[in-house]
Amino acid sequence: MNLPRRNLLQSIGAAGLLGLVSPREEQAQEAVARATRGMGAPRIKDIGVIESQPAGVRLTVVKITTDQDGLYGYGCATFTQRADLVKPAVEKYLKPFLLGKTTDRIEDIWQSCYDSSYWKNGPVLNNAISGIDMALWDIKGRQAGMPVYQLVGGKCREAADTYAHADGPDYKDVVAAAKRYLAQGFRNVRVQVGVPGMAGYGAGGGGAAVKALHNQPVFEPAVYLRRALKLLEVCRQELGEEVELLHDMHERVSPNQAVQFCKDAEKFKLFFVEDPLSPEDLGYFRQIRQNCATPIAMGELFNSPHEWIPLISERLIDYIRVHLSQTGGFTPARKIAVLGEMYGVKTAWHGPGDVSPVGHMANVTLDVACHNFGIQEYSPFNQQTQEVFQGCPVMKDGYLWVSEKPGWGIEVDEKAASKFPFTAGRDTLNGGWGEVRRRDGTVIKQ
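The structure displayed is predicted, hence computed values, not measured ones.

Cut-offs applied
- Residues numbered from 1 in each chain as written.
- Predicted model: local features only at pLDDT ≥ 70, side-chain atom pairs only at ≥ 80, totals over all residues.
- Heavy atoms only, no water.
- Salt bridge = Lys/Arg side-chain N within 4 Å of Asp/Glu carboxyl O.
- Helix = DSSP H or I, 4+ residues; strand = E, 2+ residues; numbered from the N terminus.
- Buried < 20%, exposed > 50% of the residue type's maximum accessible area, 1.4 Å probe, protein only.
- pLDDT = per-residue confidence, 0-100.
- Contact = heavy atoms within 4.5 Å.
- 1 Å grid on protein atoms, 1.4 Å probe; cavity = no way out; pocket = protein on both sides within 12 Å on 5 of 7 lines; lining within 4 Å.
- Points joined across faces, edges and corners; volume = space filled by probe spheres on them.
- Nonpolar A, V, L, I, M, F, W, Y, C, P; charged D, E, K, R; others polar.
- Patch = residues over 30% accessible without salt bridge, like charges linked within 9 Å, V, L, I, M, F, W, Y side chains within 5 Å.
- Areas by Shrake-Rupley, 256 points an atom, 1.4 Å probe, with all protein chains shown as cover.
- Phe/Tyr/Trp six-rings, centres within 6.5 Å; stacked < 30°, edge-to-face > 60°.
- Axes fitted to C-alpha atoms, helices over the stretch in contact; angles between N-to-C directions.
- Parallel < 35°, antiparallel > 145°, perpendicular 65-115°, else oblique.
- Left-handed = near helix turned anticlockwise from the far one by under 90°.
- Pairing = 2+ DSSP bridges.
- Polar contact = N/O pair within 3.5 Å; in protein donor to acceptor, adjacent residues only side chain to side chain.
- Expected span 1.5 Å × (residues − 1).
- Right-handed = clockwise from strand over helix to strand, strands pointing away.

(A) Broad picture of the pattern of salt bridges. Tallying each qualifying case throughout the model produces 24 salt bridges. Arg190 is paired through a salt bridge with Asp248; the nearest N and O atoms lie 3.5 Å apart. Here the residue Arg190 occupies a position in strand β5 (residues 188–193), and Asp248 occupies one in strand β6 (residues 244–248), the gap between them amounting to 58 residues. Of the two residues, Arg190 and Asp248, both sit in the buried class. In this structure, Glu280 and Lys445 form a salt bridge, with 3.8 Å as the shortest nitrogen-oxygen distance. In this pair, Glu280 sits in the loop between β7 (272–274) and α10 (285–291) while Lys445 sits in the segment after α17 (427–430), placing the two residues 165 residues apart along the sequence. Assessed through its relative accessible area of 59%, Glu280 is described here as exposed. Classification of Lys445 as partly exposed rests on a relative accessible area of 39%.

Here it is in structure tokens:
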């Protein structure tokens, strides 16, 4: 018998002799002492990577298995644009580094993984670390018998308000799509319209291709800007003042054009304009703020604290919408949310189809647990995805609901996942974005 246990049992026995503890309570305390004796923290026994493409998008999930039977966890490591690189980053670098370590020191493991590469803040390594980090939180929740949101302070709200994506080749198509979402209970809709003959973001434009000096898809910022402003005008007229409208610029215009657009869009009272500038042009957010009150959301391309800290601390944006796995997982995202709360910046985590359901559950966990939640992007889960990932977040009346099961509340059917392997195709080398150029051949940011 080790010394602490002997002292505990002696204390229990002495208290019982003095009549300070009832026999039943004495038995209960001794049972606790026996149960906790020798209960060491779980250790990492194995780390595997699950790759699957159930909805046409390549999803990567890390599975950590512990030395305690039946105790394991899942984490999202999805970087679909360079999906084939994440698995070797996990298996060749992080796995040998982590085998045998205890799972209870999540913060220490995150910091040591982050620092061990010396060169930091790249999307491949960040996503690999995210898979480890989220899996450890899943394990912690399973140990405690609690959903992860309980481990970080419990709920601030019952569910997360979301926005859906309404798009189409013409204004009437976008309005019709928005009305369908409103009929389903959504209160917030992101609207995108195509540009005839061009590769507009979020919606196909249709029509004959615009004449250009090359054979790649064409995009002209000025044409898009006029089209987008007209869309917002039409949507306000057709949908009324009560619906919250959002629009994604997707970094495709010059800084000066972004400033002008946000200024021109102010009269439409948007919920927010998303990504008006690229990460390379962050200094221009000061000009946007000086010229208008249009709410701004930014961050899905961010990898580094050097990108989000200035925008938050200078109050240059209203919503931070980083991609959780791109920043390194649940652990750093919690810190981003806390930083935002201090400066009045709300969260709007990136939630497209190229986030695994594990990542979506991490999103909605933060949504319900952080006071400064703003809104959550929503993408539905098809039947194949739900077959692979059992326990996806539930959508009801425009609200996304977090799981009440331990950990993330998701089980991954690896046999089902193997039915949807990564496929070779146009997106294998470039993530599906390809090349989009102006008429003269200049490649654009996207």
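(B) Spotlight on the confidence of the model for the protein. Here the protein averages 92 in pLDDT, and 90% of its residues register 70 or above. Across residues 1–6, confidence stays below pLDDT 50; counting only partners more than four residues off in sequence or on other chains, it has five contacts.

(C) Up close: empty space enclosed by the protein. Under the definition given, this model contains two cavities of 30 Å³ or more. Elements that contribute at least two residues to the lining of the largest cavity include exactly β5, α8 (221–239) and β6. Residue contributions to the lining of the largest cavity peak at three residues, all from α8. Of the residues that constitute the lining of the largest cavity, the class distribution is eight nonpolar, three polar and two charged. Considering only enclosed or pocket space, the second largest cavity measures out at about 40 Å³ in volume.

(D) Structural view of a nonpolar patch on the surface. Where nonpolar side chains cluster on the molecular surface, the patch consists of Val394, Tyr399 and Trp401 and spans about 270 Å² of accessible area. Structurally, Val394 is set in strand β13 (residues 394–396).

(E) Inspection of the packing of aromatic side chains at higher detail. Per the counting criterion, the structure on display carries 13 aromatic pairs. Taking 4.8 Å as the distance between ring centres and 20° as the angle between the ring planes, the aromatic pair formed by Trp110 and Tyr114 counts as stacked. Of this pair, Trp110 and Tyr114 both sit in helix α4 (residues 106–116), four residues apart, which is roughly one turn of that helix. Assessed through its relative accessible area of 9%, Trp110 is described here as buried. Judged by its relative accessible area of 16%, Tyr114 falls in the buried class. For the ring pair Tyr118 and Trp119, a centre distance of 4.9 Å and an interplane angle of 80° mean the geometry is edge-to-face.

(F) Representation of the environment of Arg334 in the model. Considering the arrangement of structural elements, one finds Arg334 in helix α13 (residues 330–342). Remark: the alpha-carbon pair of Arg334 and Ala369, spanning 35 residues in sequence, is separated by 9.5 Å. If we skip the residues at most four places from it in the chain, Arg334 touches Trp137, Val152 and Leu366.

(G) Looking closely at the packing of helix α3 (residues 86–98) against α4. With their axes 11 Å apart at the nearest point, α3 and α4 run at an angle of 135° to one another. When the axis of α3 is compared with that of α4, the two are oblique. Relative to α4, the crossing made by α3 is right-handed. Counted together, Leu94, Phe97 and Leu98 of α3 and Ile109, Ser112, Cys113 and Ser116 of α4 form the full contact between these two elements.

(H) Spotlight on the sheet that holds strand β1 (residues 44–52). Pairing in this open sheet of three strands is antiparallel, and the strands run β1-β2-β3 from one edge to the other. Whereas interior strands pair on both sides, the edge strands pair on one side only; in this sheet they are β1 and β3 (72–76). The average undirected angle you get between the axes of adjacent strands in this sheet is 20°. With eight bridges joining them, β1 and strand β2 (residues 59–66) adopt antiparallel strand pairing. Looking at β2, one finds that Val49 is bridged to Val62.

(I) Examining the environment of Gln53 more closely. Assignment of secondary structure puts Gln53 in the loop between β1 and β2. The exposure class assigned to Gln53 is buried, which follows from its relative accessible area of 12%. Taking the C-alpha atoms as reference points, Gln53 and Pro421, separated by 368 residues in sequence, lie 5.8 Å from one another. Residue contacts for Gln53: discarding those within four places in its chain leaves Arg58, Phe420, Pro421, Phe422 and Thr423. A distance of 3.5 Å separates a polar side-chain atom of Gln53 from the backbone oxygen of Gly56.

(J) How the structure looks around α8. The terminal C-alpha atoms of α8, which comprises 19 residues, lie 26 Å apart, in line with the 27 Å expected from a rise of 1.5 Å per residue. Along α8, the residues classified as buried are Pro221, Tyr224, Leu225, Arg227, Ala228, Leu229, Leu231, Leu232, Val234, Cys235, Arg236 and Leu239. In this structure, the buried side of α8 is in contact with α7 (171–183), β5, β6 and α9 (255–264). Residue Gly240 follows α8 closely and has a positive phi angle near 90°.

(K) Structural context of the pairing of β6. Of all five residues that make up β6, four are buried, and the element is covered over most of its length. Relative to β6, β5 runs parallel, the two being bridged by three bridges. Within the sheet, the bridge partner assigned to Arg190 lies in β6 and is Leu246. Considered for its hand, the β-α-β crossover made up of β5, α8 and β6 is right-handed. Where β6 meets β7, three bridges bridge the pair, whose relative direction is parallel. Note that in β7 the partner of Asp248 across the bridge is Glu274. With α9 bridging β6 and its parallel neighbour β7, the resulting β-α-β unit is right-handed.

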